[in-house]
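# What the coordinates show
As a plain string of letters, each chain reads:
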Amino acid sequence: MIGLISATAAGAAGARRVASAWPGRTRVYEGPVGDAVRRAFAECEQLVCFLATGAVVRLVAPLLADKATDPGIVCVDEGGRFAVSLVGGHGGGANALAHEVGDLLGAEPVVTTATDAAGVPGLDTLGLPVEGDVAGVSRALLDGGPVALHAELAWPLPPLPGLSPAPAAEGAYAIRVTDRAVGPAAREVVLRPPSLVVGVGASKGAPVDEVLGLVEDALRDAGLSAKSVAELATVDAKAGEPGILGAAERLGVPVVTYPAAELAEVAVPNPSDAPLAAVGTPSVAEAAALVRGGELLVPKRKSAARPATATCAVVRRPARGRLAVVGLGPGARDLLTPRAKDELRRASVLVGLDQYVDQIRDLLRPGTRVLESGLGAEEERARTAVAEARRGQAVALIGSGDAGVYAMASPALAEASDDIDVVGVPGVTAALAAAAILGAPLGHDHVSISLSDLHTPWEVIERRVRAAAEADLVVTFYNPRSRGRDWQLPKALAILAGHREPATPVGVVRNASRPDESSRITTLAGLDPATVDMMTVVTVGNTATREIAGRMVTPRGYRWQEEPR
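The present account deals with the structure reproduced in this document. No experiment lies behind these values; they were computed from the predicted model shown.

Cut-offs used in this document
- Sequence order as written defines the numbering, with residues in each chain counted from 1.
- Given that this is a predicted model, residues contribute local features only at a pLDDT of at least 70 and side-chain atom pairs are listed and counted only at 80 or more, while totals for whole chains, interfaces and linings are drawn from all residues.
- Neither water nor hydrogens contribute to the side-chain values; these are computed over all heavy atoms in the structure.
- At least two bridges found by DSSP between two strands is the condition for calling them paired.
- Numbering of helices and strands starts at the N terminus; helices are DSSP runs of H or I of at least 4 residues and strands are runs of E of at least 2.
- Angular values range over 0 to 180 degrees, each being the angle between N-to-C directions of two axes fitted as lines to C-alpha atoms, with helices fitted over their stretch in contact.
- The criterion used for residue contact is that any of the two residues' heavy atoms lie within 4.5 Å.
- Pairing of N or O atoms within 3.5 Å defines a polar contact, subject to two protein rules: one partner must be a possible hydrogen donor and the other a possible acceptor, and residues neighboring in sequence count only if both atoms are side-chain atoms.
- Ring pairs shown here join Phe, Tyr and Trp side chains whose ring centres sit within 6.5 Å, with only the six-membered ring taken for Trp; geometry is labelled stacked below 30 degrees between planes, edge-to-face above 60, and tilted in between.
- We count a charge as sitting over a ring when the NZ of a lysine or the CZ of an arginine lies within 6 Å of the ring centre and within 35 degrees of the ring normal.
- Side-chain atoms within 4.5 Å link the members of a nonpolar core, which is a set of buried Ala, Val, Leu, Ile, Met, Phe, Trp, Tyr and Cys residues.
- Residue exposure (1.4 Å probe, protein chains only): buried if accessible area is under 20% of the type maximum, exposed if over 50%, otherwise partly exposed.
- Salt bridge, as applied in this entry: a Lys or Arg side-chain nitrogen positioned within 4 Å of an Asp or Glu carboxyl oxygen.
- Note that the term roughly parallel is reserved for angles under 35 degrees, roughly antiparallel for angles over 145, roughly perpendicular for angles of 65 to 115, and oblique for everything else.
- Two helices crossing with the near one rotated counterclockwise from the far one by less than a right angle form a left-handed crossing, whereas a clockwise rotation gives a right-handed crossing.
- Whenever a pair of cysteine sulfur atoms sits within 2.5 Å, that pair is classed as a disulfide.

### Remarks on the sheet that holds strand E18 (residues 349-353)
- Taken in spatial order, the five strands of this open sheet run E19-E18-E20-E17-E21, and their pairing is parallel. Among the strands making up the open sheet, the edge pair consists of strand E19 (369-373) and strand E21 (421-425). Each neighbouring strand pair of the sheet contributes to a mean axis angle of 15°, computed without reference to strand direction.
- Across five bridges, E18 lies against E19 in parallel orientation. Residue Leu353 lies in a different strand from E19, and its bridge partner there is Ser373.
- Running at roughly 140° to strand E17 (residues 322-327), helix H12 (residues 338-346) makes contact with E17, E18, strand E20 (394-399) and E21 of the sheet.

Right, here's the structure in full:
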């Protein structure tokens, strides 16, 4: 919950705006400001104070206890110009909240945390449990290292400048990525990835303490950290077993269940007739832990109670790299989505066409490894991106427009298997950017067709154009004409002309959303193909498309054309 506190009419107006925008997340605190701040501090995870920063400092100073538990506090001036992250930038989420409030109110977020200011991700913001000398190692990263990286598990981390895979010299700073139950050494940070899956079986009514004790004993005896447990896994028939649910709640992890038939197909070292008779699979604990693959670290073991009512097994799943396929939009920075920006900053490896890399190079964090290449190397870039992800890296593969439309998603996903995580980040396509400039040409059914026959035989392209013409679809042509391909566009226009009037509107947009953007609306008979190049998108209307007030409009329904105008 976010507590909202104000003292004046202007501040109260800002608080009301936040409260109305986030009704389920916020609570307005009335009354004397000191009392309101103290109550909100005790009851809320975060505070937004529409007060002077000095006043808030004096009010909260006696309340501060531990940055790991104190709420994050953001101050907004009464003019609504700035949203200042004051307390709990990372641990309390105040840095992110300052950006959220800034977006909502049109205020400038002010974040002074050293790592954020330098573009270096905070070690306590990676979403992994962290222990050790966070401040010291962070300071070393900010200074450019060297910081030794001991990755006992390959895990997709964001770029951290100054990291070195070489062994740390004595007294040097280091980051260790491990699921083992080891404490951090001096000048070391330990990151614990969620690499462990605990398979659990339980008799009906098995006590929570027995299930939890069994799991904790198994992890301790194997030298594994409970902070790296990702989930408890079991059979569907035990989805509501209170002992399993209670143990998962205390560990802070979800319960994942699988059908008995699926678990019965998993080869395990210790099958048993008892679970086969009870739930239909010869193994619950081992099979549930192994069903998605991995290394069996702790074979099935029973709880110490007599009779035992719980079993467990522990598996270390192979580390999975992460591939984000990111659409950059048509070129304008304000058409690059916030999600795309987040993925660019999350990636430790960026793969892309050199001219696209240049568009967003300033958004990358320090330390990002950039693998760029020239035109015509799409398959090579796709293979490179997938190979880097398979090494456990966090990879962003970029393409213009939407990466799934005539861009990099298709070759990348054709290359990728299920051993990596793949995330698609949509972007504004060239067709959509051009349509917005022209008016509303895509108001009814439409199709996009690439006229490039480098990868698709012309016979196939021509068949698609004919089908679109006969179906009376609005058609957007990508890759319409180049120096070496100058006859395809006239041929396609001639096919459309066999089904549409010469006066059918045609929109021509070059470099949509870029500084040298140009556009015009002409007709099917009036379009000169020689004025079109590879940077152009050509949109041909259907039989209902009209030019209205200088804009290209395709009605949503044909009835519009029957009404008098």
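Still more to cover.
### Let's talk about the side chain of Asn542
- Locating Asn542 in the fold gives a position in the loop between strand E27 (536-540) and strand E28 (546-548).
- Only 2.9 Å separates the side chain of Asn542 from the backbone nitrogen of Ala544, close enough to count as a polar contact.

### Considering the sheet that holds strand E4 (residues 72-76)
- The strand order across the open sheet built from six strands is E2-E1-E3-E4-E5-E6, with neighbouring strands paired in mixed fashion. Only two strands of the sheet have a single neighbouring strand rather than two, namely strand E2 (26-29) and strand E6 (108-110). Across the sheet, the axes of successive neighbouring strands diverge by a mean angle of 25°, strand direction being ignored.
- Direction of pairing for strand E1 (residues 2-6) relative to E2: parallel, over a ladder of four bridges. Residue Ile2 lies in a different strand from E2, and its bridge partner there is Thr26.
- Together, E1, E2 and strand E3 (46-50) form the strand contacts of helix H1 (residues 9-21), whose direction differs from that of E1 by roughly 160°.

### Thoughts on the packing of aromatic side chains
- All chains considered together, the criterion is met by two aromatic pairs.
- Consider the rings of Tyr406 and Tyr478, whose centres lie 4.7 Å apart with planes at 55°: the pair is tilted. With a gap of 72 residues between them, Tyr406 in the loop between E20 and helix H15 (409-415) and Tyr478 in strand E24 (residues 474-478) connect regions that are remote in the sequence.
- Between the NZ or CZ atom of Arg25 and the centre of the ring of Trp22, over which it lies, the distance is 4.4 Å.

### Thoughts on the nonpolar core
- Within the largest apolar cluster, 23 residues are counted, with the highest numbers of intra-cluster contacts made by Val198, Val200, Val215, Leu219, Leu232 and Val314.
- Among the elements that take part in this core, helix H7 (residues 208-221) stands out by supplying six residues, more than any other.
- Among residues more than four places away in sequence, those in contact with Val314 are Leu196, Val197, Val198, Leu219, Leu224, Glu295, Leu296, Leu297 and Val298.
- Of all hydrophobic cores here, the second largest spans 21 residues; its members include Ala468, Ala469, Ala492 and Leu496.

### Looking at the pattern of salt bridges
- All chains considered together, the criterion is met by 27 salt bridges.
- Between Arg176 and Glu188 there is a salt bridge, with the nearest N and O atoms lying 3.1 Å from each other. Residue Arg176 is located in strand E10 (residues 173-177), and its partner Glu188 is located in strand E11 (residues 188-191); the two are separated by twelve residues in the primary sequence.
- Note on Glu188: relative accessible area 5%, which makes it buried.
- Within this structure, Glu152, Arg176, Arg180 and Glu188 form a network of salt bridges that share partners.

### Brief notes about the packing of helix H17 (residues 458-470) against helix H18 (residues 488-497)
- Two elements in contact, H17 and H18, have axes separated by 9 Å at closest approach and are oriented at 30°. Judged by the inter-axis angle, H17 sits roughly parallel to H18. Pair H17 / H18 crosses with right-handed handedness. Each of Trp458, Glu462, Val465, Arg466 and Ala469 in H17 lies in contact with H18, whose residues at this interface are Gln488, Lys491, Ala492, Ile495 and Leu496.

### A word on unusual backbone geometry
- Residue Pro307 is bonded to the preceding Arg306 through a cis peptide linkage, with omega at -5°.
- In this structure, Asn479 takes a positive phi of about 45° despite not being glycine.
- Position of Asn479 relative to the elements: it lies in the loop between E24 and H18.
- Since its relative accessible area comes to 22%, Asn479 is described here as partly exposed.
- Despite not being glycine, Asn511 shows a phi value in the positive range, around 50°.
- One can find Asn511 in the loop between strand E25 (505-510) and strand E26 (518-523).
- Judged by its relative accessible area of 7%, Asn511 falls in the buried class.

### Concerning the state of the cysteines
- Tallied over the full model, the rule gives zero disulfides.
- No disulfide involves Cys44; its sulfur sits 10 Å from the nearest other cysteine sulfur, which is in Cys49.
- Left without a disulfide partner, Cys49 is nearest to the cysteine sulfur of Cys75, which lies 5.3 Å away.
- For Cys49, a relative accessible area of 0% corresponds to the buried category.

### Brief notes about the pairing of strand E16 (residues 310-316)
- Across the seven residues that make up E16, a large majority, seven, are buried.
- Neither face of E16 is open: one carries Ala310, Cys312, Val314 and Arg316, the other Thr311, Ala313 and Val315, and all of them are buried.
- Alignment of strand E12 (residues 196-202) against E16, held across seven bridges, turns out to be antiparallel. Residue pairing in the sheet places Gly201 in a bridge with Thr311 of E16.

### Overview of the pairing of E27
- The buried fraction of E27 is high, at five of five residues.
- In E27, alternate side chains face the same way, and those of Thr536, Val538 and Val540 on one face and Val537 and Thr539 on the other are all buried.
- Judged from the three bridges that link them, E24 and E27 form a sheet pairing that is antiparallel. Counted as the bridge partner of Thr476 is Thr539 from E27.
- With five bridges joining them, E25 and E27 adopt antiparallel strand pairing. Each bridged residue has a counterpart across the sheet, and for Gly507 the counterpart in E27 is Thr539.

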